[in-house]
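A closer look at the structure
The residues making up each chain are set out below.
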Amino acid sequence: MTIVNLLVGGPTANWPVDLAKIPGPWVGADRGALRLVKLGIQPVMVVGDFDSISESELATVKQSLAGTVIVKPDQDHTDTQLAVKSIFEQLQPDELHIYGATGGRLDHLLANLWLVLDPVFRAWAPKIRLIDRQNTVRYFLPGSYTIAKEADKRYLAFVPLMSMYLTLADEKYPLTAARNDYPISWASNEFVGEKGHFSFDAGVLAVIQSCDAD
């Protein structure tokens with residue numbers, strides 16, 4: 001299975017503690033590209049309008065680059081959106097793990113969380129994960145699923161992003177065909193055992209495993 005990692009420009013405080021040890025390939029979006037280089041990681045692609053770094057910093061990134069520079073041509077898409085699109089079109093990973101997508105500016109957080117609602121990105125939703133120090137966010141399209149508990153996570157949240165009927169079969173707090181007409185977070189649920197089962201009929205569902213801060 002091919003996993004590509006993408007680092008975007010969110011606060012470093014939200015990174016997993018072992019981010020620098022995560023094996024590549026890596027892609028950097030705007031300031032995320034510079035941060036990769038400073039970590040000693042050689043990106044295979046960098047994407048953005050690079051308005052958050054200086055010309056000398058961009059030159060440093062290009063010197064360390066193992067692949068392609070993609071300059072964002074307009075403001076219709078965020079750096080993250082263009083990076084995700086470029087990764088799936090050019091690198092075709094089985095999974096895309098996105099780091100640096102949480103914390104800091106709320107407008108950026110919402111743009112990243114809702115990215116999969118755009119029809120351009122929705123088909124890739126099941127392959128995308130947002131990962132930070134406390135959370136893993138996965139996306140699902142309609143169907144029935146089994147999800148495994150991450151060893152360091154206690155809490156489990158189900159977040160319908162669109163209208164759906166949601167069933168949680170064997171979680172601590174079950175639901176049976178619960179109707180959601182607007183985005184809602186069924187928060188602070190938990191696994192019973194090491195796996196959980198759920199199903200839904202329409203839209204896009206985000207599932208979040210999380211833990212409290214240290």
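This write-up is about the structure you can find in this document. Just so you know, these numbers come straight off a predicted model, no measurement behind them.

Following the sequence through the fold, Pro126 ends up in the loop between α5 (119-122) and β6 (128-131). Taking the C-alpha atoms as reference points, Pro126 and Glu95, 31 residues apart in sequence, are found 8.2 Å from one another.

With that settled, the discussion passes to the pairing of strand β11 (residues 175-180). Looking at chain direction, strand β10 (residues 164-168) and β11 are connected through four bridges and run antiparallel. Looking at the pairing, Met164 lines up with Asn180 of β11. In sequence, β10 turns back onto β11 through a hairpin of six residues.

The next subject is the nonpolar core. Judged by nonpolar contacts, the single largest core of 30 residues is most densely connected at Leu6, Val84, Leu96, Ile98, Val116, Ile128 and Tyr139. Looking at which element gives the most residues to this core, the answer is helix α3 (residues 79-90), with five residues. With sequence-adjacent residues up to four places away left out, Tyr139 is seen in contact with Asn112, Leu113, Val116, Ala125, Pro126, Ile128, Leu130, Leu161, Val204, Leu205 and Ala206.

By the element assignment, Thr80 lies in helix α3. Not counting chain neighbours up to four residues away, the residues in contact with Thr80 comprise Leu6, Val8, Asn112 and Leu115.

Moving on, we come to α3. The terminal C-alpha atoms of α3, which comprises twelve residues, lie 16 Å apart, in line with the 16 Å expected from a rise of 1.5 Å per residue. Summarising burial for α3: nine of the twelve residues are buried, a large majority. Within α3, the full set of buried residues consists of Asp79, Thr80, Gln81, Leu82, Ala83, Val84, Ser86, Ile87 and Phe88. Two residues or fewer after α3 comes Gln92, characterised by a positive phi angle close to 50 degrees.

A few words now on unusual backbone geometry. A cis amide bond, omega 10 degrees, links Gly24 with the succeeding residue Pro25. By secondary structure assignment, the location of Pro25 is in the loop between β1 (3-7) and β2 (26-29). A positive phi angle, close to 50 degrees, is found at Asp30, a residue other than glycine. Along the chain, Asp30 falls in the loop between β2 and α1 (31-38). Positive phi values are uncommon outside glycine, yet Ser188 reaches one of about 60 degrees. Positionally, Ser188 belongs in strand β12 (residues 186-189).

Under the definition given, this model contains eight salt bridges. Note that Arg129 and Glu95 form a salt bridge whose closest N and O atoms lie 3.6 Å from each other. Of this pair, Arg129 sits in strand β6 while Glu95 sits in strand β5 (residues 95-99), and the two are 34 residues apart along the sequence. Each member of the pair, Arg129 together with Glu95, is buried. Of the charged contacts, one joins Arg179 and Asp181 as a salt bridge, the two residues approaching to 2.6 Å between their closest N and O atoms.

Before going further, it helps to examine the sheet that holds β10. Sheet architecture is open: four strands sit in the order β8-β13-β10-β11, paired in antiparallel fashion. One side of each edge strand has no neighbouring strand; the edge strands of this open sheet are β8 (143-148) and β11. Between one strand axis and the next, the sheet turns through 20 degrees on average, direction left out of account.

Let us look at the pairing of strand β14 (residues 205-210). Of all the six residues making up β14, six are buried; the element is thus mostly covered by neighbouring parts of the structure. The alternating pattern of β14 places Leu205, Val207 and Gln209 and Ala206, Ile208 and Ser210 on opposite faces, both of which are buried. Of the strand pairs in this sheet, strand β7 (residues 135-140) and β14 are connected by six bridges, and their pairing is antiparallel. Looking at β14, one finds that Arg138 is bridged to Val207. In terms of strand pairing, strand β9 (residues 155-160) meets β14 through six bridges, oriented antiparallel. The residue of β14 that forms the bridge with Phe158 is Val207.

Reading the values: the criteria
- Residues numbered from 1 in each chain as written.
- Predicted model: local features only at pLDDT ≥ 70, side-chain atom pairs only at ≥ 80, totals over all residues.
- Heavy atoms only, no water.
- Helix = DSSP H or I, 4+ residues; strand = E, 2+ residues; numbered from the N terminus.
- Pairing = 2+ DSSP bridges.
- Core = buried A, V, L, I, M, F, W, Y, C linked by side-chain atoms within 4.5 Å.
- Buried < 20%, exposed > 50% of the residue type's maximum accessible area, 1.4 Å probe, protein only.
- Contact = heavy atoms within 4.5 Å.
- Expected span 1.5 Å × (residues − 1).
- Salt bridge = Lys/Arg side-chain N within 4 Å of Asp/Glu carboxyl O.
- Axes fitted to C-alpha atoms, helices over the stretch in contact; angles between N-to-C directions.

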